[in-house]
Amino acid sequence: HNNLLALAVKRAGCPHIGLRVGQRDGLPSIGLAGLLTRYSPDVETALRSFVRYLHTQVRGAKSTLTVNGPVATLNWEIYQPDLPANDQLSDGALAVMFNILRELCGPDWTPIGVRFAHRAPAQLQPYRMFFRTTLCFDAEEHALRFSSSWLQRPVVQANAALKRVLQKE
């Protein structure tokens, strides 16, 4: 995928193509992990399911959720950080995770900030328009940071019985 993405950036002349692709995806794009996430009773359980089952759909990367007092962090880590177009993959993953949090929390959800473990791109406007929050580049991780108070919110489409059935499969 990395070489194909690097070629797409070059051919399309769009240095933020990873962000654009990720903006279109959410829970449905991650299969069973998405269903388990969607039908969780609350946002924290949903994100823990997302982190736990992401490997069923994504190879070569992982996500973790950490809570440090009032701030929760959902990060994205690629196992081989020196591959071509990893910045594009990570930008896309952050956009997908952003959309997932919006699906779980509703349209009022906003992050405290978005962190990128790569240099700032020449064109910041697409990032500002999509994330609408503080952007930090050259960070130690790719991550969405948000208020941990969102974790206790119920997921609108929660269905505990369906989640139990899905986990058995």
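Up top you'll find the structure we're talking about.
Residues numbered from 1 in each chain as written. Predicted model: local features only at pLDDT ≥ 70, side-chain atom pairs only at ≥ 80, totals over all residues. Heavy atoms only, no water.

**Side note on helix H5 (residues 86-105)**
- Given a rise of 1.5 Å per residue, 20 residues ought to cover 28 Å, and the 28 Å separating the end C-alpha atoms of H5 matches this to within 8%.
- Counted residue by residue, H5 has 16 buried out of 20 residues, so it is predominantly covered.
- Looking one or two residues beyond H5, the residue adopting positive phi is glycine 106, at roughly 100°. (Helix = DSSP H or I, 4+ residues; strand = E, 2+ residues; numbered from the N terminus. Expected span 1.5 Å × (residues − 1). Buried < 20%, exposed > 50% of the residue type's maximum accessible area, 1.4 Å probe, protein only.)

**Some remarks on the pairing of strand E1 (residues 61-68)**
- Pairing of E1 with strand E2 (residues 71-78), which is carried by eight bridges, proceeds in the antiparallel orientation. Bridge assignment links valine 67 to a residue of E2, and that residue is alanine 72.
- Adjacent in sequence and paired antiparallel, E1 and E2 are bridged by two residues, among which glycine 69 carries a positive phi angle near 65°. (Pairing = 2+ DSSP bridges.)

**Examining the environment of aspartate 42**
- Its location among the elements puts aspartate 42 in the loop between helix H3 (31-38) and helix H4 (43-53).
- Setting aside residues no more than four positions away along its own chain, aspartate 42 makes contact with Leu151, Gln152, Arg153, Pro154 and Val155.
- From its side chain, aspartate 42 meets the backbone nitrogen of glutamate 44 in a polar contact 3.1 Å long. (Contact = heavy atoms within 4.5 Å. Polar contact = N/O pair within 3.5 Å; in protein donor to acceptor, adjacent residues only side chain to side chain.)

**Some points on the sheet that holds strand E5 (residues 142-147)**
- Spatially, the five strands line up as an open sheet ordered E1-E2-E5-E3-E4, and their pairing is mixed. The open sheet has two edge strands with one neighbour each: E1 and strand E4 (134-136). Looking at each pair of strands side by side, their axes are set apart by 15° on average, direction ignored.
- Pairing between strand E3 (residues 113-115) and E4: three bridges, direction parallel. Paired with valine 114 across the strands is leucine 135, a residue of E4.
- Sheet contacts for H4: E1, E2 and E5; angle to E1, the most-contacted strand, approximately 150°. (Axes fitted to C-alpha atoms, helices over the stretch in contact; angles between N-to-C directions.)

**Description of the environment of serine 147**
- Along the chain, the position of serine 147 falls in strand E5.
- Residue serine 147 is classed as partly exposed on the basis of its relative accessible area of 24%.
- With near-sequence residues (within four places) excluded, serine 147 lies in contact with Pro70, Ala72 and Ile112.
- Of note is the side chain of serine 147, whose polar atom sits 2.8 Å from the side chain of serine 149.

**Examining the pattern of salt bridges**
- In total, this model carries three salt bridges according to the counting rule given.
- In this structure, glutamate 141 engages arginine 115 in a salt bridge whose closest nitrogen and oxygen atoms are separated by 4.0 Å. Remark: arginine 115 occurs in strand E3 and glutamate 141 occurs in the loop between E4 and E5; sequence separation between them is 26 residues.
- Its relative accessible area of 25% is what places glutamate 141 among the partly exposed residues. (Salt bridge = Lys/Arg side-chain N within 4 Å of Asp/Glu carboxyl O.)

**Regarding the packing of aromatic side chains**
- Taken as a whole, this structure holds nine aromatic pairs when the rule is applied.
- For the pair phenylalanine 98 and phenylalanine 131, a centre-to-centre distance of 5.5 Å together with 85° between the ring planes defines the contact as edge-to-face. Here phenylalanine 98, found in helix H5, pairs with phenylalanine 131, found in helix H6 (residues 125-131); they are 33 residues apart in sequence, far enough to count as distant. Grouping residues by exposure puts phenylalanine 98 and phenylalanine 131 together as buried. (Phe/Tyr/Trp six-rings, centres within 6.5 Å; stacked < 30°, edge-to-face > 60°.)

**A closer look at the environment of leucine 89**
- Mapping leucine 89 onto the fold places it in helix H5.
- Relative accessible area serves as the criterion here: at 28%, leucine 89 is assigned to the partly exposed category.
- Here the alpha-carbon distance between leucine 89 and alanine 61, two residues 28 residues apart in the chain, equals 9.9 Å.

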